[in-house]
Amino acid sequence: MTVSDGLGADRDSHVLLLYRDETQRRASVVAWVKQGLDLGEKVFYATAPGEAALPGLATGGAMTTASHDGQLTFVPLDEFFPGAGQAALVRQALDQGFPGVRLSAHADAALRVVGEEVYQAIDRGMDELCASLPVSALCQYGADADGDRGGVDARLGAAIDSHPDALQDARLQVWRHGNEVLMAGEPDVGSADVITRTFYRICQLQGVSDLVVDLSGLTFADVAICRALLAGTQDHRRAGGAVHFRGASGHLRKVLSLLGVPRLSGVVVLE
Amino acid sequence: VSRSLLGPSHADYRHEAVYYDSTPQLVESTAPLLERALAHGEDVALVCTEAATGALREALNDHSRILVLPRPEIFRKAVTAVGCLRDLVEERLANGGRRVCVLGEVDFGAGDRALDESRRYEALLNVALRPFPLWSLCGYNTGVLPERVLASGELTHPYLRRDGMPASTPTILDPFEVMRLADANGAPVPDDSPAVSVADVHDLGALRRDIGLPLLAEGVSGEQVDDLAVAVHELATNGLRHGEPPVTVRVWLTPGRVVCTITDRGAGFDDPFTGYVRGAGGELPEGQFGLWLARQLCDEVVPYRTQEGFTVRLTMRH
């Protein structure tokens, strides 16, 4: 997969969508759903209590048609989330001959409905579904819209921890494939805490083996992002693991160099 | 006024000016000092003209602990010079070194800029490098340097040598006042209306693009546009996070120079050393890094208070 394919291009991905406002959420979700419909996949969209349906989906011409064809189904959240609910939906759709299945729900609403422990168990089930079947999942999470500060509270931390393979916010995309992490976008201080937590989690799963971080999809990153990458990987590096940054643009390499990043222990900045 | 940077001085820290009028005189007066330093197991770094470097190496028998640093690169700006010296001392210490003795023939060019940067350099040595085992021998060539730079050097060094001999040392100026003098002397904001004006910054990505396009159209190089965009981004971020909204950005294009102001409505800070000194330790500590990076990327970064609030003025020659 390349950066230009975008999140969700990888059929088996389990993506956390962090949104700060409704416009961003709708644009990301509609794009993701439309991608599935274009591929002929079945899309289950869990509606949160009080949410009629996703306006962009219900009113768009292509979407309406798709919905009529039975490709897109809205499921109330409380029917979507109990235990084995999703697995049953997936099997049913695959039995009907759909080449793939997409599932999307509000992770934050689910966390409120079922609690953190149950949610994490469900999420692990989702991981297994994505890994073993042609399934992808988009978990939407309304991060606290506290200006641009973008802090990570315990609940958001839990959501990040259970989605180490793919994450998207307004300015950033992160994917993990084995020991390699790809970053894209133009993240700034608003994504810094999310990046710190994401890399902390990735390093936890990584063990002491080296991590490769491909920065070629970043068109910009500020000091806060450089610091976040270091903070998130600090424990990993202190434990003897190394982090190889590669593919940074000429200017980002200059900034990393001025900040002294290549001199830090456990850091390698490749050309 | 915050004096937080004035921590205890290292026992082996020494800041000394050497006045000389020719390369032979510089070599004659400093070679014995450097020889003694080497004999004590210290490292010697030369930031000198080619002629002085060659003569000193010969006088010191090409000792293996002599390091030669690129003078034009080091003396590009005060912040660069001090950063390089600090990195050098930390690197030598980490590798079992004792003290580093640096002989640098000070040269920050000509005009007001030479005076301002040499003032900043000496003030930073007095404040930022005092916790380190560093012996800085600052060479002042009386035949080359402007009179004002020579006069300023006498007021910024705790120790002074003339004709190879220790000279009486006048009371040095308060480094904080020296920094303020340099800042007050900088290029002013042009009178005409700005080429770019963003009254209330919200979208930092849009801000970077708003700044970049007119600069590229003016023929400013891509790298300098990127440098300025990063500097403005960092300072606008500081304004949004630590200051008071709205944050206003203005950019003026004058022949050979870009001037940019970033203003927020907060009180800002008063410490003239803010953002000059990287935090201690290997990792990147919280705070001041945006301003520090801006100081690396731009020719001049001057913070000041106005009736509007707090402004940082960036200048970049192109």
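Residues numbered from 1 in each chain as written. Chains lettered and ligands numbered in written order. Predicted model: local features only at pLDDT ≥ 70, side-chain atom pairs only at ≥ 80, totals over all residues. Heavy atoms only, no water.

Caption draft 1: Just unusual backbone geometry, in detail. Residues and elements named next belong to chain B. Cis geometry marks the peptide bond from P245 to P246, where omega comes out at -5°. Within the secondary structure, P246 is located in the loop between α9 (222–242) and β9 (248–254). In this structure, D62 takes a positive phi of about 50° despite not being glycine. The topology assignment puts D62 in the loop between α2 (50–59) and β3 (66–68). We classify D62 as partly exposed; its relative accessible area is 48%. (Helix = DSSP H or I, 4+ residues; strand = E, 2+ residues; numbered from the N terminus. Buried < 20%, exposed > 50% of the residue type's maximum accessible area, 1.4 Å probe, protein only.)

Caption draft 2: Main features of the packing of aromatic side chains. Residues and elements named next belong to chain A. Counted under the stated rule, the structure contains eight aromatic pairs over all chains. Ring centres of Y45 and F74 lie 5.8 Å apart, and the angle between their planes is 70°; on these two criteria the pair is classed as edge-to-face. Linking Y45 in strand β2 (residues 42–47) with F74 in strand β3 (residues 72–76), this pair joins segments that are 29 residues apart in sequence. In this structure Y45 comes out as buried when scored by relative accessible area, which is 0%. (Phe/Tyr/Trp six-rings, centres within 6.5 Å; stacked < 30°, edge-to-face > 60°.)

Caption draft 3: Summary view of the pattern of salt bridges. Residue and element names in this part refer to chain B. Enumeration over the complete set of coordinates arrives at 36 salt bridges over all chains. One salt bridge in this structure joins E90 and R86, with 3.6 Å as the shortest N-O distance. On the criterion of helical spacing, the pair formed by E90 and R86 is a turn pair, its members being four residues apart in helix α4 (residues 78–94). One salt bridge connects E154 with R162, and the closest N-O pair in it is separated by 2.5 Å. By relative accessible area, which is 27% here, E154 ends up partly exposed. (Salt bridge = Lys/Arg side-chain N within 4 Å of Asp/Glu carboxyl O.)

Caption draft 4: Layout of α2 of chain B. All names here are of chain B. Burial in α2 covers these residues: A52, T53 and L56. Within α2, the buried residues cover an arc of 100° as seen down the axis, which keeps them to one side. Every exposed residue of α2 that faces more than 90 degrees away from the buried side is listed here: E50, A51 and E58. Once α2 ends, the next one or two residues include N61, with phi positive near 55°. (Arc of directions from axis to C-beta.)

Caption draft 5: Structural context of the nonpolar core. Formed by 74 residues in total, the largest nonpolar core has its most connected members in F80, M183, L215 and L259 of chain A. Broken down by element, this core gets its largest block of residues, seven residues, from helix α10 (residues 223–238) of chain A. One finds L85, L88, F176 and Y276 of chain B within the second-largest nonpolar core, a separate group that totals 42 residues. (Core = buried A, V, L, I, M, F, W, Y, C linked by side-chain atoms within 4.5 Å.)

Caption draft 6: Inspection of helix α8 (residues 204–217) of chain B at higher detail. Taking 1.5 Å of rise per residue, 14 residues should cover 20 Å, and α8 of chain B covers 21 Å from first to last C-alpha, within 8% of that figure. At the exit of α8 of chain B stands G219 of chain B, carrying a positive phi of roughly 95°. (Expected span 1.5 Å × (residues − 1).)

Caption draft 7: Inspection of the sheet that holds strand β6 (residues 159–162) of chain B at higher detail. Residue and element names in this part refer to chain B. If you walk across this open sheet you meet the seven strands as β3-β2-β4-β5-β1-β6-β7, and the pairing is mixed. Strands at the two margins of the open sheet, each flanked by one partner only, are β3 and β7 (165–167). The mean angle between the axes of side-by-side strands here comes to 25°, regardless of whether they run parallel or antiparallel. Note that strand β1 (residues 14–20) and strand β5 (residues 134–141) share seven bridges and pair parallel. (Pairing = 2+ DSSP bridges. Axes fitted to C-alpha atoms, helices over the stretch in contact; angles between N-to-C directions.)

Caption draft 8: Molecular detail of the state of the cysteines. Residue and element names in this part refer to chain A. If you walk through the whole model with that rule in mind, you get zero disulfides over all chains. Take C130: it sits in no disulfide, and the sulfur closest to it among the cysteines is that of C139, at 8.0 Å. Note on C130: relative accessible area 2%, which makes it buried. In this structure C203 is a free cysteine whose sulfur lies 16 Å from that of C226, the closest cysteine sulfur available. Residue classification places C203 among the buried residues on the basis of a relative accessible area of 8%. (Disulfide = S-S within 2.5 Å.)

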